[in-house]
Amino acid sequence: MYLPSFRLDGKKAIVTGAGRGIGRALASALAEAGADVAILSRTVSDLEETAEIIHNHGKQSLIIPTDVTKREDASRAVKMVKEEWGSIDILINNAGMNIRSKALDVTDEEWETIMNTNLKSAFMMAQETGKLMKDQETGGRIISVTSVAGHVALRTGVVYAASKAALIQMTKVLALEWGKYNINVNAIGPWYFKTPLTEKLLADPSYVKDILDVTPLKRIGELPELAGPAVFLASDAGSYVHGQTLFVDGGMTIQGF
Ligand SMILES: NC(=O)c1ccc[n+]([C@@H]2O[C@H](COP(=O)([O-])OP(=O)(O)OC[C@H]3O[C@@H](n4cnc5c(N)ncnc54)[C@H](OP(=O)(O)O)[C@@H]3O)[C@@H](O)[C@H]2O)c1
């Protein structure tokens, strides 16, 4: 009786940063659950590979080359999806990056690149999509991919941490403002998952040991373990979850020491 509420049949979704890693896994999961998915990033060849996965699930894709740090790109992408599919039910703000400089070495340019990619892009995409969702009877779902680094202090760099912490707070305030439009706004906060962003770090056994020492489940996450929570938040099964960040972290953030 409850399982159908996890399905996304007929839904139209946008996933940013869908060319590889977590974004590709989430786009694939939404398609498997029944959604058509518009996929955004700057590298078309990556998006073509993701599109094939979506088609293998029997769903449609829209490849939209987009630099999400640019307002005109964000606006054009949302307009294209609306024109092609008539509605946008789900937005996943996943595009992100990091430059791991120590605080005293951070340049203004690094600050702007990280903040624009991880935070400003998510706000612009939410704003552009929110304008449409507000006028849809069915409302919509906005899910941003933050990080454990936005919640506890880690050695991942101060700018990345600040951008991801701001995403958590952005999620709460958008939820406050847009709940009345039937737009659910939530975030997921991953701990370590193996993707092109992290594969070099995770190739170092001593780095992995440090991670596992503070991970109660004693293993690195597998991408399907992140896809399930994202589908839940995008589906009717998650309809009363609002303004929350769901940490998908093997228990990392529960510790008090
Ligand atoms: N992997 C982890 O363990 C982990 C943990 C916590 C949080 N996260 C977060 O999860 C998200 C995805 O991470 P990932 O590990 O999958 O990273 P990834 O493998 O490096 O993939 C990042 C994706 O974002 C896209 N992207 C980056 N800048 C963009 C821009 N300006 N415009 C459009 N697309 C852009 C990239 O495509 P192009 O470069 O081709 O544009 C790529 O498709 C990020 O927000 C990251 O902070 C990851």
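Residues numbered from 1 in each chain as written. Predicted model: local features only at pLDDT ≥ 70, side-chain atom pairs only at ≥ 80, totals over all residues. Heavy atoms only, no water.

The protein chain carries the name 2-deoxy-D-gluconate 3-dehydrogenase in an unreviewed UniProt entry, which gives Neobacillus piezotolerans as its organism. Of the comments in the UniProt record for the protein chain, the one headed Sequence similarities (unreviewed entry) reads "Belongs to the short-chain dehydrogenases/reductases (SDR) family." (UniProt positions renumbered as here; feature names shortened; annotations may be inferred.)

## Points about the overall build of the protein chain
Counting its regular elements, the protein chain contains 8 helices and 7 strands. In terms of C-alpha radius of gyration, the protein chain reaches 17 Å, essentially the compact-globule figure of 18 Å for 257 residues. The dimensions of the protein chain, computed from C-alpha atoms along their principal axes, are 50 × 45 × 40 Å. The buried share of the protein chain, taken over its 257 residues, is 53%. When contacts within the protein chain are restricted to residue pairs at least 6 apart in sequence, long-range pairs at least 24 apart make up 72% of them. (Helix = DSSP H or I, 4+ residues; strand = E, 2+ residues; numbered from the N terminus. Rg over C-alpha atoms; globule rule 2.2 N^0.38 Å. Buried < 20%, exposed > 50% of the residue type's maximum accessible area, 1.4 Å probe, protein only. Contact = heavy atoms within 4.5 Å.)

## Here we look at the site of the ligand
In the vicinity of the ligand, 29 residues are found, and the nearest of them are Ile 22, Arg 42, Thr 43, Tyr 160 and Thr 195. In the environment of the ligand, an oxygen atom lies 2.4 Å from a nitrogen or oxygen atom belonging to the side chain of Thr 43. Contact with the protein chains removes 96% of the 880 Å² of surface that the ligand exposes when unbound. Of the pockets mapped on this structure, the ligand occupies the largest pocket. Broken down by secondary-structure element, the contributors of at least two residues to the shell around the ligand are helix 1 (21-32) and helix 5 (158-178). Residues of the shell around the ligand, tallied by class, amount to 11 nonpolar, 14 polar and 4 charged. (Near = heavy atom within 4 Å. Polar contact = N/O pair within 3.5 Å; in protein donor to acceptor, adjacent residues only side chain to side chain. Areas by Shrake-Rupley, 256 points an atom, 1.4 Å probe, with all protein chains shown as cover. 1 Å grid on protein atoms, 1.4 Å probe; cavity = no way out; pocket = protein on both sides within 12 Å on 5 of 7 lines; lining within 4 Å. Sits in = over half its atoms within 2 Å of the grid points. Nonpolar A, V, L, I, M, F, W, Y, C, P; charged D, E, K, R; others polar.)

## Considering the environment of Glu 225
Mapped onto the secondary structure, Glu 225 falls in helix 8 (residues 223-234). On a C-alpha basis, the gap between Glu 225 and Ala 35 in space is 19 Å, while along the polypeptide they are 190 residues apart. There is a polar contact of 2.7 Å between the side chain of Glu 225 and the side chain of Arg 219.

## Topic: the sheet that holds strand 3 (residues 61-65)
The strand order across the open sheet built from 7 strands is 3-2-1-4-5-6-7, with neighbouring strands paired in parallel fashion. Each edge of the open sheet carries a strand with a single partner, namely strand 3 and strand 7 (245-248). Direction aside, the axes of adjacent strands within the sheet are offset by 15° on average. Seen against the sheet, helix 4 (residues 108-134) touches strand 1 (12-16), strand 2 (36-41), strand 4 (90-93), strand 5 (140-145) and strand 6 (183-190) and runs at an angle of roughly 175° to strand 4. (Pairing = 2+ DSSP bridges. Axes fitted to C-alpha atoms, helices over the stretch in contact; angles between N-to-C directions.)

## Points about helix 3 (residues 71-85)
Across its 15 residues, helix 3 extends 21 Å between first and last C-alpha, which sits within 8% of the 21 Å expected from 1.5 Å per residue. Residues Asp 73, Ala 74, Ala 77, Val 78, Val 81 and Trp 85 constitute the buried set of helix 3. Here the buried residues of helix 3 occupy an arc of 130° about the axis, which is enough to place them on one side. Opposite the packed face of helix 3, turned more than 90 degrees from it, sit the exposed residues Glu 72, Lys 79 and Glu 83. Lining the buried residues of helix 3 we find strand 1, strand 2, strand 3 and helix 4. (Expected span 1.5 Å × (residues − 1). Arc of directions from axis to C-beta.)

## Notes on the confidence of the model for the protein chain
Low pLDDT means the predicted atomic positions in that stretch should not be read closely. Looking at the protein chain as a whole, the pLDDT averages 97, with 100% of positions reaching at least 70. When the elements of the protein chain are averaged for pLDDT, helix 6 (residues 199-202) gives the smallest value, 95, and strand 1 the largest, 99. (pLDDT = per-residue confidence, 0-100.)

## With respect to the layout of surface pockets
In this structure, the largest pocket occupies an estimated 930 Å³ of space. Along its surface, the largest pocket is lined by 41 residues, and Asn 94, Ala 95, Gly 96, Met 97 and Leu 197 are the ones closest to its centre. At the level of secondary structure, the elements contributing two or more residues to the lining of the largest pocket comprise helix 1, strand 2, helix 4 and helix 5. Among the elements that make up the lining of the largest pocket, the one with the highest residue count is helix 1 (3 residues). (Points joined across faces, edges and corners; volume = space filled by probe spheres on them.)

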